[in-house]
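Spelled out, the chains give:
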Amino acid sequence: ETGVTQTPRHLVMGMTNKKSLKCEQHLGHNAMYWYKQSAKKPLELMFVYNFKEQTENNSVPSRFSPECPNSSHLFLHLHTLQPEDSALYLCASSPTSGGARKGQFFGPGTRLTVL
Amino acid sequence: AQTVTQSQPEMSVQEAETVTLSCTYDTSESDYYLFWYKQPPSRQMILVIRQEAYKQQNATENRFSVNFQKAAKSFSLKISDSQLGDAAMYFCAYRSAAGGTSYGKLTFGQGTILTVHP
């Protein structure tokens, strides 16, 4: 248990559905991240939030919409996804004070399947 | 931009033996951090060990140690006395020490699947 939780753990959705992934961290961190992990590919950083402000968007398609209402919660809203979006979506958090040397703490991930 | 390369897609080791996973990286920065993460089949990514680039001493965490060669931009992970629970995907990661919009960003390698044989 790293203090980062993600729900749901598994999600199957059609291409016309709208769903949301939730991430919550109980570590008092101020930075949160969304990653996409596909088979046989390196982890892809999608979004970075620092103190609730988005500081990085790695050219992610607009069908992925992040939301960070506070430093403890991060959402990824999904709509009109494509089958190639099927992947494991990982959330992570890190402290901003001295955070660089401490690395990031990851949640268990949401396994997303788009039909 | 920084890149991280893990040239071993898969490795295997006998229980109780030692195995070394390779990682190289490319950067023009002088101050940065390097990490090894472990992702077991349960999928929870766990930090195994970290190295600060300005420290010459190699980091050690129990059975895990690194061989950090800054000039060669190499950061290998050695697992001693391998255990069945060490079986996982291992990722090498780089993080800049610089601030700004790149703060917090981790660049990962492709990962190495480690199998431990009883």
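Use the structure listed above.
Our subject in this report is the structure included herewith. (Residues numbered from 1 in each chain as written. Chains lettered and ligands numbered in written order. Predicted model: local features only at pLDDT ≥ 70, side-chain atom pairs only at ≥ 80, totals over all residues. Heavy atoms only, no water.)

Moving on, we get to the sheet that holds strand β7 (residues 64–70) of chain A. All names here are of chain A. Within the open sheet, the four strands sit side by side as β1-β3-β8-β7. Their pairing is antiparallel. Pairing within the sheet leaves two strands with one partner each, and these edge strands are β1 (4–7) and β7. Neighbour to neighbour, the strand axes of the sheet diverge by 20 degrees on average, direction disregarded. As judged from the five bridges shared by β7 and strand β8 (residues 73–79), these two strands associate in the antiparallel manner. Bridge assignment links P66 to a residue of β8, and that residue is L76. (Pairing = 2+ DSSP bridges. Helix = DSSP H or I, 4+ residues; strand = E, 2+ residues; numbered from the N terminus. Axes fitted to C-alpha atoms, helices over the stretch in contact; angles between N-to-C directions.)

With that settled, consider the state of the cysteines. Under the criterion given, the structure shown has two disulfides over all chains. Here C23(A) engages in a disulfide with C91(A); their sulfurs sit 1.9 Å apart. On the S-S bond that ties C23(A) to C91(A), the torsion sits near -75 degrees, and the link is left-handed. Of this pair, C23(A) sits in strand β3 (residues 18–25) while C91(A) is found in strand β9 (residues 87–94), placing the two residues 68 residues apart along the sequence. Assigned by exposure class, C23(A) and C91(A) land together as buried. The residue that forms a disulfide with C23(B) is C92(B), at a sulfur-sulfur distance of 2.0 Å. Between C23(B) and C92(B), the disulfide has an S-S torsion of -70 degrees and is therefore left-handed. (Disulfide = S-S within 2.5 Å. Buried < 20%, exposed > 50% of the residue type's maximum accessible area, 1.4 Å probe, protein only.)

Residues and elements named next belong to chain A. By secondary structure assignment, the location of T110 is in strand β11 (residues 110–114). Overall, the relative accessible area of 0% leaves T110 in the buried class. A polar contact of 2.5 Å, which involves the side chain of T110, links it to the backbone oxygen of P8. (Polar contact = N/O pair within 3.5 Å; in protein donor to acceptor, adjacent residues only side chain to side chain.)

The next point concerns the pairing of strand β5 (residues 44–50) of chain A. Each regular strand carries side chains that alternate between the two faces of the sheet. Residue and element names in this part refer to chain A. Counted residue by residue, β5 has six buried out of seven residues, so it is predominantly covered. Taken together, the six bridges between strand β4 (residues 31–37) and β5 define a ladder with antiparallel strand orientation. Within the sheet, the bridge partner assigned to K36 lies in β5 and is E44. From the end of β4 to the start of β5, which pair antiparallel, there are six residues, and K40 there has a positive phi angle of about 65 degrees. Relative to strand β6 (residues 53–57), β5 runs antiparallel, the two being bridged by four bridges. Within the sheet, the bridge partner assigned to Y49 lies in β6 and is Q54.

All names here are of chain A. Mapped onto the fold, H29 is located in the loop between β3 and β4. Residue class for H29 comes out buried when judged on its relative accessible area of 8%. Note: C-alpha distance between H29 and Q104 (75 residues apart in sequence) is 9.7 Å. Contact partners of H29, with chain neighbours within four places excluded, come to S71, S93, S94, P95 and F105. For H29, the side chain forms a polar contact with the side chain of S93, separated by 2.7 Å. (Contact = heavy atoms within 4.5 Å.)

Enumeration according to the criterion identifies four salt bridges over all chains in this entry. Among the salt bridges present, the one from D85(A) reaches R63(A), with a minimum N-O distance of 2.7 Å. Taken together, the residues D85(A) in the loop between β8 and β9 and R63(A) in the loop between β6 and β7 connect sequence positions 22 residues apart. The shortest N-O distance in the salt bridge between D26(B) and K73(B) comes to 3.7 Å. (Salt bridge = Lys/Arg side-chain N within 4 Å of Asp/Glu carboxyl O.)

Attention now goes to the packing of aromatic side chains. Residues and elements named next belong to chain B. Taken as a whole, this structure holds 14 aromatic pairs over all chains when the rule is applied. Ring centres 5.3 Å apart and planes at 65 degrees place the aromatic pair Y25 and Y32 in the edge-to-face group. As far as burial versus exposure is concerned, Y25 and Y32 are alike and both buried. Since its relative accessible area comes to 5%, Y25 is described here as buried. (Phe/Tyr/Trp six-rings, centres within 6.5 Å; stacked < 30°, edge-to-face > 60°.)

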